[in-house]
Structure formats: C-alpha cells, structure tokens
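Okay, here's what each chain looks like letter by letter:
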Amino acid sequence: MQIKIAPDELLEHFDDQRDRCEYQLMLEGKATADPYMPTTIVPQPGAAFVYVPNFVDGSRVRVRLTVSGDEWRSHFVAPHMGGVALSKTKAKS
C-alpha cells in the first residue's frame, strides 16, 4: 500500500542516501513487536507517498522520517482516510 504523506515539502529535502523513512503498524489496537520498519518514499507528481509492504486491512500505520537530522512523525492513522500528516518531533542537535 502507498500512503500519502504531508507536508509535501519534506520530499524536497529527503535524500535516500542520508535520510530514513520508517513505519510502524498497529494491529487490533496494539503496536507491532518491531517498533519501526524501514521503507521507501515513492515520489509522484504533486505528492509523496510512503510504501507500506505488509499493510493489513483494518490496521493503522504511523510514519517516521528523519530528514536532514530532523525527526518527523505521524500519529497512528487509518491510511484510507487521506494519508498521514507528519509533525516535527525532534530537531537536529
């Protein structure tokens, strides 16, 4: 499944060699045992998407990006509701 992420400007600064994109699933109200799993960003015209390879219908997903040393994270959301919005949680030191 591909999940749209916001803000779109994050893609402008994302570097596959330096930065990280990760996700976490919540199944039946519980976060999976592996806190975050690596994934990729799929750029599309006008938007950026995160690829979640093992998404299960009914689950929720949380996305975390590390971009230029800053950490961005979403809440757990049902992605069919329009994607995920990320907020900066930690600025680089």
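Structure first, text after, so check above.
Since the structure is predicted, the reported quantities are computational estimates derived from the model, not experimental observations.

**A word on the overall build of the chain**
Then comes step 1: Helix and strand content of the chain: one helix and ten strands.
Then comes step 2: Taken from N to C terminus, the helices and strands of the chain fall in the order β-α-β-β-β-β-β-β-β-β-β.
Then comes step 3: Against the compact-globule benchmark of 12 Å for 93 residues, the chain has a radius of gyration of 12 Å, which places it among compact chains.
Then comes step 4: For the chain, the C-alpha atoms occupy an extent of roughly 35 × 30 × 20 Å along the three principal directions.
Then comes step 5: Taking all 93 residues of the chain together, 42% fall into the buried category.
Then comes step 6: Within the chain, residue pairs in contact and separated by at least 24 positions form 51% of the contacts whose partners lie at least 6 positions apart.

**Digging into the nonpolar core**
Then comes step 1: Counting 20 residues, the largest nonpolar core has Ile5, Ile41, Val52, Val61, Leu65, Val84 and Leu86 as its most contacted members.
Then comes step 2: For this core, the secondary-structure elements that each account for two or more residues are strand 1 (2–6), strand 2 (20–27), strand 6 (47–51) and strand 7 (60–67).
Then comes step 3: Ranked by residues supplied to this core, first place goes to strand 7 with four residues.
Then comes step 4: Residues contacting Val84, with those up to four places away along its chain left out, are Ile3, Lys4, Ile5, Ala6, Val61, Val63, Ser74 and Val77.

**Some words on the environment of Lys90**
Then comes step 1: Its place among the elements puts Lys90 in strand 10 (residues 87–90).
Then comes step 2: For the pair Lys90 and Thr66, spaced 24 residues apart in sequence, the C-alpha separation works out to 9.2 Å.

Here is what the cut-offs are and how they apply
- Residues numbered from 1 in each chain as written.
- Predicted model: local features only at pLDDT ≥ 70, side-chain atom pairs only at ≥ 80, totals over all residues.
- Heavy atoms only, no water.
- Helix = DSSP H or I, 4+ residues; strand = E, 2+ residues; numbered from the N terminus.
- Rg over C-alpha atoms; globule rule 2.2 N^0.38 Å.
- Buried < 20%, exposed > 50% of the residue type's maximum accessible area, 1.4 Å probe, protein only.
- Contact = heavy atoms within 4.5 Å.
- Core = buried A, V, L, I, M, F, W, Y, C linked by side-chain atoms within 4.5 Å.

Interpretation in functional terms is not warranted from these geometric data alone.
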